[in-house]
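Listed below are the residues making up each chain.
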2 protein chains.
Amino acid sequence: MIKVSVMYPAKPGAHFDMSYYCAKHIPLVRQLLGPALLNVSVDEGIAGLTPGAPAPFFVLCHLSFESVPKFQEAFASHAAQIVGDIPNYTNSEPTVQISNVKI
Amino acid sequence: MIKVSVMYPAKPGAHFDMSYYCAKHIPLVRQLLGPALLNVSVDEGIAGLTPGAPAPFFVLCHLSFESVPKFQEAFASHAAQIVGDIPNYTNSEPTVQISNVKI
């Protein structure tokens, strides 16, 4: 299994609309990617490790797929619509990583 | 539920020993944190989003706990041993985030 992690840096001056993201964007992603998308998790940053340290990311979102080709096939035809929705909830440019699930 | 995400940046010149991490470090963390640690996932970075782009992180590790106090209580007395093991597998200083699990 692989994960696609979409991580939104909490840079000064940036904003993130969590309500829109959970109520509109994630359902849109689920609908467009269909059964190729095995699982979605959304983690909202609340803190860093040391007391008082801010969370480095607004959100860490992890999307699970059977394989990289399965992700690419599902994403390719809907990328414009998914990416085009981002300005509706944030001006933070996400860091994206594709990972192999080891544990 | 909350997650503690430990993310190791794949900076030029940095190294990461995946075998040691999975075979020694994660079992050590499980043993020390005990039942407070509800779940662990380890994702090994293989790529960025665009073709040829490198993974921004060697590893994204997510540790689940019932609450922030449960994590703090479990971690406090073992922090030195856990953090002290890091040089055995990497010289990449991890970015750490505590998150609320929303989805």
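Residues numbered from 1 in each chain as written. Chains lettered and ligands numbered in written order. Predicted model: local features only at pLDDT ≥ 70, side-chain atom pairs only at ≥ 80, totals over all residues. Heavy atoms only, no water.

Draft legend 1. Quick look at the overall build of chain A. Regarding its fold elements, chain A presents three helices and four strands. Of the regular secondary structure in chain A, the N- to C-terminal order runs β-α-β-β-α-α-β. Relative to the compact-globule value of 13 Å for 103 residues, chain A shows a C-alpha radius of gyration of 14 Å, a close match. On the principal axes, the C-alpha backbone points of chain A span a range of 40 × 35 × 20 Å. For chain A, restricting intrachain contacts to residue pairs at least 6 apart in sequence, the fraction spanning at least 24 positions comes to 76%. With an accessible surface of roughly 5,000 Å², chain A has 56% of that area assigned to carbon and sulfur atoms. Computing the positive centroid from 6 side-chain charges and the negative centroid from 7, chain A places the two 6 Å apart. (Helix = DSSP H or I, 4+ residues; strand = E, 2+ residues; numbered from the N terminus. Rg over C-alpha atoms; globule rule 2.2 N^0.38 Å. Contact = heavy atoms within 4.5 Å. Areas by Shrake-Rupley, 256 points an atom, 1.4 Å probe, with all protein chains shown as cover. Lys, Arg positive; Asp, Glu negative; His and termini not counted. Charge placed at Lys NZ, Arg CZ, Asp CG, Glu CD.)

Draft legend 2. Highlighting the pattern of salt bridges. Summed over all chains, the structure comprises four salt bridges over all chains. Residue K3(A) is joined to D43(B) by a salt bridge in which the shortest nitrogen-to-oxygen separation is 3.2 Å. Taken together, the residues K3(A) in strand β1 (residues 2-9) and D43(B) in strand β2 (residues 39-47) connect one chain to another. The class of D43(B) is buried, set by a relative accessible area of 0%. Residues K102(A) and E44(B) are paired through a salt bridge, measuring 3.7 Å at the closest nitrogen-oxygen approach. Taken as a pair, K102(A) in the segment after β4 (95-101) and E44(B) in strand β2 lie in two separate chains rather than in one. Assessed through its relative accessible area of 24%, E44(B) is described here as partly exposed. (Salt bridge = Lys/Arg side-chain N within 4 Å of Asp/Glu carboxyl O. Buried < 20%, exposed > 50% of the residue type's maximum accessible area, 1.4 Å probe, protein only.)

Draft legend 3. Highlighting the pairing of β4(A). Here β1(A) runs beside β4(A); their pairing, made up of six bridges, is antiparallel. Residue pairing in the sheet places S5(A) in a bridge with Q97(A) of β4(A). Judged from the four bridges that link them, β4(A) and β2(B) form a sheet pairing that is antiparallel. Bridge pairing in β2(B) links V101(A) to D43(B). (Pairing = 2+ DSSP bridges.)

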